[in-house]
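# Fold and geometry: a report
Residues per chain are reported as follows:
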Amino acid sequence: MSTRVRSPTSDPEVNAPLEKKMRLRDDMMGGADGIVEEASNSAIGVPGPTKKASKKLKKQKHLLPEPYSPGDVLWRDVVALLGNDIVEHALRHGTEWDSPFGHRDEVEVEVSKLSSNGDALAHSPAPHPPWVIVAPFALPGERIRVRVYRSARLHSFADLVEVITPSPDLRDDSRIKCRYFGKCSGCQYQMLSYDSQLEIKRDVVIKAYQNFSNLPNESIPEVLPTIASPLQYGYRTKITPHFEAAPKKARKEAESGLADSIDKPDWLKIGFNEIGRRTVLDIEECPIATPVLNAALGPIREGITNNIWNYKKGVSLLLRDSIEHLPTDMSSIPAPEAEKHICITNHKATVRDRVDSIYFQFPGHSFFQNNNSVLVPLTSYVRDAIFPSSKSSGPTHLVDAYCGSGLFSLMLAPHFETVAGIELSAESIKSATENAIINRLPEGKCSFLAGDAANIFSTVSHFPPDKTALIIDPPRKGSDEPFIQQLVRFACSTVVYVSCNVHTQARDVGMIMEMMKREGSGRRYVLESLRGFDLFPQTAHVESVAVLRLV
């Protein structure tokens, strides 16, 4: 049995112009925005270099991925698969960039494991030297055919051409609900059962703390099972399809009257990135988006097609699911299913959302979690972590760092005497303050202050540390050392770290624990619990919640 994914003969790149064929070679470098490393060997993969070109390649500078970036996370998985001895040997002899595969080479491999980014990892087959193949949409134990398009340090990226031997235990293609799956870069796991997805995401959290926390194993608790999303499809409340403006040739034809002004041009693609390519895949529907967004997408696409010649450059669209109106009487709110939802497309327009019985308003361009269905389980888990049933009393004060529009502050406010939310964005602080008023929180219960989280503790110096809980929910880059230094000096009783990037979370948690051990005068933080939350089913992404207690 085999599953055909992308036929070599139907690949649109085969007959593409040379400049398009080269677009993903990136000079065989590891990726952009990285750390420069001088290369002592030629970068293999560009076929038939001349002597002059070879000398140039030898002097080429390779880019190493930024620490904690997806490329760095992948590198740790590559090292784990090859083994330290093989990697150290290649680094010592300067052969780590000498790919045994050229551009568009096809090879059959057996998948060994999944990377934390959701790609399949496989050893290069004999007689090739130790090397890792990275390919999408394949599962452990499967035999696959792939086509290499770019090589990096001890690994090569490849398109999946064919699943020759599917995994009988993991793969069931009848689960796939999207006609673009296998081409669109948005989802990775639609062929898997949901239980398998949750287990894979638990493994991602485990590996993150092994690779990036610098903590001894005995300091890391067993990672708890991943909390599921109540919705596995139709959950995403925000999507951002995009498209490119007309190519010069097409525009000239339109201006000369040769272009068809009625039908959608073949070159116009309105959608998301195609896997492994810098091209847009035309998308008419997205099954993980809410029904409201999918209903709006068709007319929006039609409007773009009808007015495409008015666009001078590419556009990134915004579609956000929003409640149409807030209740006129907040003391008698309707059932969620009774509220009408609309699609917001203006970045400056007001979006309205609801979590349990709490309402939130914020501008269309502002951050708010994109899976509403999991927000009650998430905020309830954070509440229960701060107030465990085993303790007779808990914190009375809450500091919500990176508070955004006030999600945690407002959801947890009934359980605290005083809540302080801190956020760098003045606009978000305005939204959070208005949201407290909308939900009729007692005056003075919540205060929201615009300021850098690095200076957060100067604003709450009057809070009693032993009665204060801290929630950290930073962007993907995580926190920084000045913030962590202040956290350690303040020494609040409980820290709950919510993260959209478990790798920077692991780094920060390790730093918090180590710094408190050094400077805490006998006190230390214990990592009490650790678990993932699935905010994006069908994808490789996992959020993580770490709970630290001062002892």
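Just above sits the structure.
Calculation criteria
Each chain carries its own residue numbering, running from 1 in the direction its sequence is written. Restriction of local features to residues with pLDDT of at least 70 applies here, the model being predicted, together with a cutoff of 80 or more for giving and counting side-chain atom pairs; totals for whole chains, interfaces and linings are based on all residues. As a rule here, side-chain values come from all non-hydrogen atoms in the structure, and water together with hydrogens is ignored. Strand pairing is assigned whenever DSSP identifies at least 2 bridges connecting the two strands. Helix and strand definitions follow DSSP, with helices as H or I runs of at least four residues and strands as E runs of at least two, each counted in order from the N terminus. In this analysis, two residues are considered to be in contact whenever any of their non-hydrogen atoms come within 4.5 Å of each other. Where helices are involved, their axes are fitted lines through C-alpha atoms of the stretch in contact, as for all axes, and angles between N-to-C directions lie from 0 to 180°. Residues grouped as a nonpolar core are buried Ala, Val, Leu, Ile, Met, Phe, Trp, Tyr and Cys residues, joined through side-chain atoms within 4.5 Å. Categorising residues by exposure relies on relative accessible area from a 1.4 Å probe, with only protein chains included: less than 20% of the type maximum marks a residue as buried, more than 50% marks it as exposed, and the intermediate range marks it as partly exposed. Expected helix span is taken as 1.5 Å per residue step, with the number of steps being one fewer than the number of residues. Read the arc as the range of directions from the helix axis to the C-beta atoms. Under the rule applied, a polar contact is a pair of N or O atoms within 3.5 Å (in protein, one hydrogen donor and one hydrogen acceptor; residues adjacent in sequence only if both atoms are side-chain atoms). In what follows, a disulfide is any cysteine sulfur pair within 2.5 Å. Pairing of aromatic side chains requires ring centres within 6.5 Å, counting the rings of Phe and Tyr and the six-membered ring of Trp. Pairs whose planes differ by under 30 degrees are stacked, by over 60 edge-to-face, and all others tilted. Criterion for a charge above a ring: Lys NZ or Arg CZ within 6 Å of the ring centre, and within 35 degrees of the ring normal.

As a further point, take the sheet that holds strand E15 (residues 319–323). Here three strands make up an open sheet; going across it, the order is E10-E15-E16 and the pairing antiparallel. Of all the strands in the sheet, just strand E10 (238–239) and strand E16 (341–344) have a single pairing partner and so form its edges. Summarising the sheet, E10 and E15 pair through two bridges and their orientation is antiparallel. Bridging from a neighbouring strand, Ile239 pairs with Leu319 of E15. Packing of helix H7 (residues 291–306) onto the sheet brings it into contact with E10, E15 and E16, and relative to E15 it is tilted by some 130°.

Moving on, we come to the nonpolar core. Of all hydrophobic cores here, the largest spans 103 residues; its most connected members are Ile144 and Phe360. Discounting chain neighbours no more than four positions away, the residues touching Ile144 are Val107, Glu108, Val109, Val111, Ala135, Ala138, Leu160, Glu162, Val163 and Ile164.

Another aspect to go through is the sheet that holds strand E19 (residues 397–401). Pairing in this open sheet of eight strands is mixed, and the strands run E9-E24-E25-E23-E22-E19-E20-E21 from one edge to the other. A strand with exactly one partner marks an edge of an open sheet, and here the two such strands are strand E9 (224–227) and strand E21 (446–450). With strand direction ignored, the average angle separating the axes of adjacent strands in the sheet is 20°. As judged from the eight bridges shared by strand E24 (residues 525–533) and strand E25 (residues 543–550), these two strands associate in the antiparallel manner. The partner of Arg531 across the bridge, within E25, is Val545. Helix-sheet contacts for helix H10 (residues 426–438) involve strand E20 (418–423) and E21, and the interaxial angle to E21 is about 170°.

A word on helix H8 (residues 375–386). Between its first and last C-alpha atoms H8 spans 17 Å; for twelve residues at 1.5 Å apiece the expected length is 16 Å, and the two agree. Those residues of H8 that sit buried are Leu375, Leu378, Thr379, Tyr381, Val382, Ala385 and Ile386. Each buried residue of H8 lies within a common arc of 155° when the element is viewed along its axis, so the set occupies one face.

Now for the side chain of Ser69. Following the sequence through the fold, Ser69 ends up in the loop between strand E3 (61–64) and helix H3 (70–82). In this structure Ser69 comes out as buried when scored by relative accessible area, which is 17%. At a separation of 2.6 Å, a polar atom in the side chain of Ser69 contacts the main-chain carbonyl oxygen of Glu66.

Looking now at the state of the cysteines. Going through the model one piece at a time under the given rule, you end up with zero disulfides. The cysteine Cys184 is free of any disulfide, with Cys178 supplying the nearest cysteine sulfur at 6.3 Å. Using a relative accessible area of 11% as the deciding quantity, one classes Cys184 as buried. Left unpaired, Cys403 is separated from the closest cysteine sulfur, that of Cys446, by 9.6 Å. Note on Cys403: relative accessible area 5%, which makes it buried.

A complete count under the given rule lists twelve aromatic pairs for this structure. Both rings, one in Phe362 and one in Phe368, keep their centres 4.7 Å apart while their planes meet at 15°; by these two values the pair is stacked. Seen from their ring centres, Phe457 and Phe483 are 5.9 Å apart, and the 35° between their planes marks the pair as tilted. Of the two residues, Phe457 sits in the loop between E21 and strand E22 (468–472) while Phe483 sits in helix H11 (residues 481–490), which places them 26 residues apart along the sequence. Take Phe457: its relative accessible area is 7%, and that puts it in the buried class. Here Phe483 falls in the buried class, since its relative accessible area comes to 1%. An aromatic cluster is present here, built from Tyr402, Phe457, Phe483 and Phe490 joined pairwise through their rings. Above the ring of Trp75, the side-chain terminus of Arg153 is found at 3.7 Å from the ring centroid. Sitting over the face of the ring of Tyr68, Arg507 holds its NZ or CZ atom 4.7 Å from the ring centroid.

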